[in-house]
Amino acid sequence: WSVFDLKRSGDNLYVLYTDSDWNYGMIYDNLYIAASSDGGTTFKQQLISIPSKNGNHKTLGLQDQNYVPKLAAYKNEVYVVWNALDQDDQQHIIFRKSVDNGVTFAPALNLTKATMPAGSAFQPGQETLEVRNGKVYVLFLQTDGKVYLTRSMDDGTSFLPPQLLTTSAYLTDGGSWPVVQLDPNDASGSKVWVFWNAPQSVYSADSGASFTKPMILSPQFSWRGVVRPKFVVAADGAIHWIVEGAVSWYSTGVGGDNDIFYRRVDPAAAPGAA
């Protein structure tokens, strides 16, 4: 058994976890959610993953060396996103939603099967989501480093086609560990930030219909690069980020030690911030 996420909304608690089945020489993960509506006094457990071609549930790794949210909760609703093999044994991004505190879930939606080119490969564990006021934003990463956003304006009932957020320009053509955050001062959920590593950001003021071009938030690091980034948008519009990074790579092939780097980007320098 492995636990991957925990979310609280009022007295509602949601725990996302897997167990592994050894079958046909492979380890397959079944995905469960345990939901409590009484502050954790009691929980209801249910299987929410989907069967693959042979009937086994083949959920792929839910975190990829860096935590990102797989759960979002708003009032009595809970939303889940993950990466799995579908009924055709093809890898896709899967979404499910509950409107009754996790007691029951709507059928799973495959967010990439009909909207991404055949053969697309998605990095397991780097899909993530955020929700506010009936707007659902799901991020996912292709294995080539391209960051995509797909969004729902009807509370997760349907999703618009994925949008490519990285560009074809050098330094902004790929990334890793993307995360989506909503403006803390915007109750409508229309002002959206997306960040990824190496520290970059894009911003939308119209519920993701359009985004600014990527803004590089960090000096260029050397060969070792930076890993496990964390980003926060503060109430005053400032961006705070922190990463593990190495700034040296010796000719002997030995890398410098990782240090912790922090930077604040003031609102005047952040596109769209107040």
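Now for a description of the structure that goes with this document.

What counts, and where the lines are drawn
Residues numbered from 1 in each chain as written. Predicted model: local features only at pLDDT ≥ 70, side-chain atom pairs only at ≥ 80, totals over all residues. Heavy atoms only, no water. Pairing = 2+ DSSP bridges. Helix = DSSP H or I, 4+ residues; strand = E, 2+ residues; numbered from the N terminus. Axes fitted to C-alpha atoms, helices over the stretch in contact; angles between N-to-C directions. Salt bridge = Lys/Arg side-chain N within 4 Å of Asp/Glu carboxyl O. Buried < 20%, exposed > 50% of the residue type's maximum accessible area, 1.4 Å probe, protein only. Phe/Tyr/Trp six-rings, centres within 6.5 Å; stacked < 30°, edge-to-face > 60°. Core = buried A, V, L, I, M, F, W, Y, C linked by side-chain atoms within 4.5 Å. Contact = heavy atoms within 4.5 Å.

**Remarks on the sheet that holds strand β19 (residues 259–265)**
Reasoning step 1: Ordered in space as β17-β18-β19, the 3 strands form an open sheet in which the pairing is antiparallel. Strand pairing shows two members of the sheet lacking a second neighbour, β17 (226–233) and β19, which therefore form its edges. Taken over all neighbouring pairs, the strand axes of this sheet differ in orientation by 15 degrees on average, direction set aside.

**Re the pattern of salt bridges**
Reasoning step 1: Enumeration over the complete set of coordinates arrives at 10 salt bridges.
Reasoning step 2: Residues Asp89 and Lys58 are paired through a salt bridge, measuring 3.2 Å at the closest nitrogen-oxygen approach. Residue Asp89 is located in the loop between β6 (77–85) and β7 (91–98), and its partner Lys58 is located in the loop between β4 (44–47) and β5 (71–74); the two are separated by 31 residues in the primary sequence.
Reasoning step 3: Taking the relative accessible area as the measure of exposure, Asp89 reaches 30% and is therefore partly exposed.
Reasoning step 4: Classification of Lys58 as buried rests on a relative accessible area of 6%.
Reasoning step 5: Where Arg228 meets Glu244, a salt bridge forms, and the shortest distance between an N and an O atom there is 2.9 Å.

**So, the packing of aromatic side chains**
Reasoning step 1: One pass over the full model with this rule turns up 10 aromatic pairs.
Reasoning step 2: Note on Trp1 and Tyr32: the rings are 5.6 Å apart at their centroids and 45 degrees apart in plane angle, and the pair reads as tilted. Of this pair, Trp1 sits in the segment before β1 (2–9) while Tyr32 sits in strand β3 (residues 26–36); the two residues are 31 residues apart in sequence, bridging distant segments of the chain.
Reasoning step 3: Using a relative accessible area of 68% as the deciding quantity, one classes Trp1 as exposed.
Reasoning step 4: Relative to Phe195, the ring of Trp193 has its centre 5.9 Å away and its plane inclined at 10 degrees; by these criteria the two rings are stacked. For the pair Trp193 and Phe195, a shared accessibility class is recorded, and that class is buried.
Reasoning step 5: These aromatic residues form a ring-pair network of at least three members: Trp193, Phe195, Tyr203 and Phe231.

**Some points on the nonpolar core**
Reasoning step 1: Counting residues in hydrophobic clusters, the biggest one holds 16 residues, and the most contacted among them are Leu16, Ile33, Ile48, Leu71, Val80 and Trp82.
Reasoning step 2: When contributions to this core are tallied by element, the ones reaching two or more residues are β2 (12–23), β3 and β6.
Reasoning step 3: Looking at which element gives the most residues to this core, the answer is β6, with 4 residues.
Reasoning step 4: Val81, Phe122, Val136 and Phe140 belong to the second largest nonpolar core, which has 15 residues in total.

**Concerning unusual backbone geometry**
Reasoning step 1: Each neighbour pair has its own omega, and for Asn197 with Ala198 the value is 0 degrees, a cis peptide bond.
Reasoning step 2: Looking at the element boundaries, Ala198 is found in the loop between β14 (192–197) and β15 (200–204).
Reasoning step 3: Positive phi is not limited to glycine here, since Asp155 has a value of about 65 degrees.

**Comments concerning the side chain of Ser176**
Reasoning step 1: Tracing the backbone through its elements, the reader meets Ser176 in strand β13 (residues 176–182).
Reasoning step 2: Taking relative accessible area as the criterion, Ser176 reaches 19% and is therefore assigned buried.
Reasoning step 3: Non-local contacts of Ser176, meaning those with residues more than four positions away in its chain, are made with Gln126, Leu141, Trp196 and Asn197.

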